[in-house]
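The residues making up each chain are set out below.
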Amino acid sequence: MTPIAESAQGDHRATYREVLAEPRFRLLFTTRTVAITAGALRITTFSVLVFAATGSALLSALAFGIGFLPHLFGSLLLGSLADRLPPRSLIAGGYALECTAALLLALVRMPIAVSLGVVALVALATPVFSGASSRLVAQWLEGDAYVLGRSLNNIAGSGAQLFGLALGGAAVAVLGPHRALAVSAALYLGCALAIRIRLPRLRPEESGGTPGSARGDGGAVRASLHGAGLLLRGHTVRRLMLAQWLPPAFVAGAEGLIVAYAGERHFAPGRYAVLMGCLPVGMLVGDLLVGRLLPPPARERLVIPLIVLMGLPLVGFAAEPGVGVSSCLLLLCGFGFAYGLGLQRPFLDALPEDGQGQAFGLLGSGSMTLQGIGPACFGSVAAGIGTGGALALAGVAAVLTAGWILTWHPPAPARRTI
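Heads up: these notes are all about the structure in this document. Everything quoted here is computed from the prediction, not taken from an experiment.

Time to look at the overall build of the chain. The secondary structure content of the chain amounts to 20 helices and zero strands. Expressed as a percentage of contacts within the chain between residues at least 6 apart in sequence, the contacts between residues at least 24 apart total 87%.

It is worth spelling out the environment of proline 247 at this point. Residue position: proline 247 is located in helix H12 (residues 235-255). A relative accessible area of 0% means that proline 247 is categorised as buried. Those residues in contact with proline 247 that sit more than four places away from it in its chain are Leu242, Ile307, Met310, Tyr339 and Thr401.

Another point: the environment of leucine 343. Looking at the secondary structure, you find leucine 343 in the loop between helix H17 (323-335) and helix H18 (344-350). With 103 residues separating them along the chain, leucine 343 and leucine 240 place their C-alpha atoms 7.4 Å apart.

Our next topic: H17. Between its terminal C-alpha atoms H17 stretches 18 Å, which fits the 18 Å expected from 13 residues at 1.5 Å a residue. Within the span of H17, buried status applies to Ser326, Ser327, Leu329, Leu330, Cys333 and Gly334. All buried residues of H17 fall inside an arc of 165 degrees around its axis, so they share one side.

Here the focus is the packing of aromatic side chains. Under the counting rule described, the total for this entry stands at seven aromatic pairs. Centroid distance phenylalanine 250 to phenylalanine 378: 6.3 Å. Interplanar angle 90 degrees. Geometry classified as edge-to-face. Taken together, the positions of phenylalanine 250 in helix H12 and phenylalanine 378 in helix H19 (residues 356-385) put the pair 128 residues apart, joining distant regions of the chain. The burial state of phenylalanine 250 is the same as that of phenylalanine 378; both residues are buried. The interplanar angle of 65 degrees and the centroid separation of 6.1 Å between the aromatic rings of phenylalanine 347 and phenylalanine 360 together place this pair among those described as edge-to-face. Here phenylalanine 360 lies in helix H19 and phenylalanine 347 lies in helix H18, a separation of 13 residues in the sequence. Members of the aromatic cluster, joined through ring pairs, are Tyr261, Phe267 and Phe317. Lying across the ring of tryptophan 408, arginine 239 places its NZ or CZ 4.5 Å from the centre.

Let us now look at unusual backbone geometry. In the Ramachandran plot, histidine 266 falls in the positive-phi region, its phi being about 60 degrees despite a non-glycine side chain. Take histidine 266: it is sitting in the loop between helix H13 (258-264) and helix H14 (271-293). Judged by its relative accessible area of 70%, histidine 266 falls in the exposed class.

In this fold, glutamine 244 is placed in helix H12. A relative accessible area of 10% means that glutamine 244 is categorised as buried. Remark: the alpha-carbon pair of glutamine 244 and leucine 343, spanning 99 residues in sequence, is separated by 7.8 Å. For glutamine 244, the contacting residues outside a window of four places in its chain are Tyr339, Leu343, Gln344, Phe347, Leu363 and Ser367.

Here we take up the packing of helix H16 (residues 303-315) against H17. In contact at an axis separation of 7 Å, H16 and H17 are set at 160 degrees when each is read in the N-to-C sense. Considered as vectors, H16 and H17 are oriented roughly antiparallel to each other. Considering how the two elements wind past one another, H16 and H17 form a crossing that is left-handed. Only Leu329, Leu330, Leu332, Cys333 and Phe335 of H17 make contact with H16, whose side of the interface consists of Leu306, Leu309, Met310, Pro313 and Leu314. Split into classes, the residues belonging to the contact of H16 with H17 amount to 10 nonpolar, no polar and no charged.

The rules behind these values
- Throughout this description, residue numbers start from 1 for each chain and increase along the sequence as written.
- Whole-chain, interface and lining totals are the exception, using all residues; otherwise, since this is a predicted model, local features are given only for residues with pLDDT of at least 70 and side-chain atom pairs are given and counted only at 80 or more.
- Remark: hydrogens and water are excluded; side-chain values derive from all non-hydrogen atoms of the structure.
- A run of H or I in DSSP becomes a helix once it reaches four residues, and a run of E becomes a strand once it reaches two; helices and strands are each numbered from the N terminus.
- Residues count as neighbours in contact if any of their non-hydrogen atoms are within 4.5 Å of one another.
- Type-normalised accessible area, obtained with a 1.4 Å probe on protein chains alone, sets the label of each residue: buried when under 20%, exposed when over 50%, and partly exposed for intermediate values.
- Expected helix span is given by 1.5 Å per residue-to-residue step, counting one fewer step than there are residues.
- As used here, the arc belongs to the directions running from the helix axis to the C-beta atoms.
- Here a Phe, Tyr or Trp ring, Trp counted by its six-membered ring, pairs with any other such ring whose centre lies within 6.5 Å, and the pair is stacked when the planes are under 30 degrees apart, edge-to-face when over 60, and tilted otherwise.
- Cation placement over rings: the criterion is NZ of Lys or CZ of Arg within 6 Å of the ring centroid and within 35° of the ring normal.
- Axis definition: a line fit to C-alpha positions, over the contact stretch in the case of helices; interaxial angles, taken between N-to-C directions, run 0 to 180 degrees.
- Note that the term roughly parallel is reserved for angles under 35 degrees, roughly antiparallel for angles over 145, roughly perpendicular for angles of 65 to 115, and oblique for everything else.
- Should the near helix be turned anticlockwise from the far one by less than a right angle, the crossing is termed left-handed; should it be turned clockwise, right-handed.
- In the scheme used here, Gly and all other residues not listed as nonpolar or charged are polar, with Ala, Val, Leu, Ile, Met, Phe, Trp, Tyr, Cys and Pro taken as nonpolar and Asp, Glu, Lys and Arg as charged.

Take it as geometry only, folks, not as evidence of what the structure does.
Right, here's the structure in full:
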């Protein structure tokens, strides 16, 4: 039995139907799914727009990724606002801000640098309203229902991202990039209005946050830095964050090499798209089966085996397999992402009551940042040892992370402290 499994409390197994029966969660879940679709549509369209204007592959790639890296800075500098401001206004305002950015890109002819700056500024605020939303979910869903709520968000998020990317290509072809960006803005506006109209205005004791400046003097930035420091200095919280950051970052590094791997092996045109689709399909199946069929203690016992399942298939790329075997390896790797479900309750139990919003924002922004860095790191390695070797190295790194988690000592009974 792993140390993580011992933190489980009770073995009641919730169902997805029970989770979706909570109307407030259902509202947040639906608007988040639509917003992810809008974000993927905006990212794809903006990248196409930049390439059409400049002819630069570098600037087009920068346009695709500019919305990711600022998340970490936003979480560090503004993350405390997720616990200090009313959640309804914060979440609705975040979607309205995304809508405004998409409209600016669609309607205003700006220099490329200014357009990139607009997207980056909006990304700074994203961890704040996403953290507030995650805090409400953690408050409204208890026990195993919370874990399945996270599972539903993972499943819908992966599907919405794939749909948004496909929709982006179709919308650009039919409407042109500027009108496609306007469609993205309309989706964001719908999310903002739904939250503003249908999410009840919560009293301070209902929202669970810390109002005003109770978490420290000197304003939001100082409070945010102080809160992030407390979270990252806490041994349990820090290692649980790293456990959720590192394996996906290594797999993202491998994912960034798939196109190059397919090209070097002279696979038929379009086969790289099949390979890239295998990871999210495996993730969807893994989350669905592990979340729905296994009881909470079993999920928490399987954290380490599932991380190993993420890594070992990638090691198989050292043999430079063909399309069929590569597809199977990537499907298995994607299935291993379900390990995260076994970490949700221990992570929530380790968080302080008055800092959950910032913690969830930091968790998401740190993961996104490392997944952006991973492809650059393993891409550099591939230049020396080849793509097959670099893919295998990413798998070894994931397996080593599982070994590190195996060394954890059994934690003391869960308390709401850092």
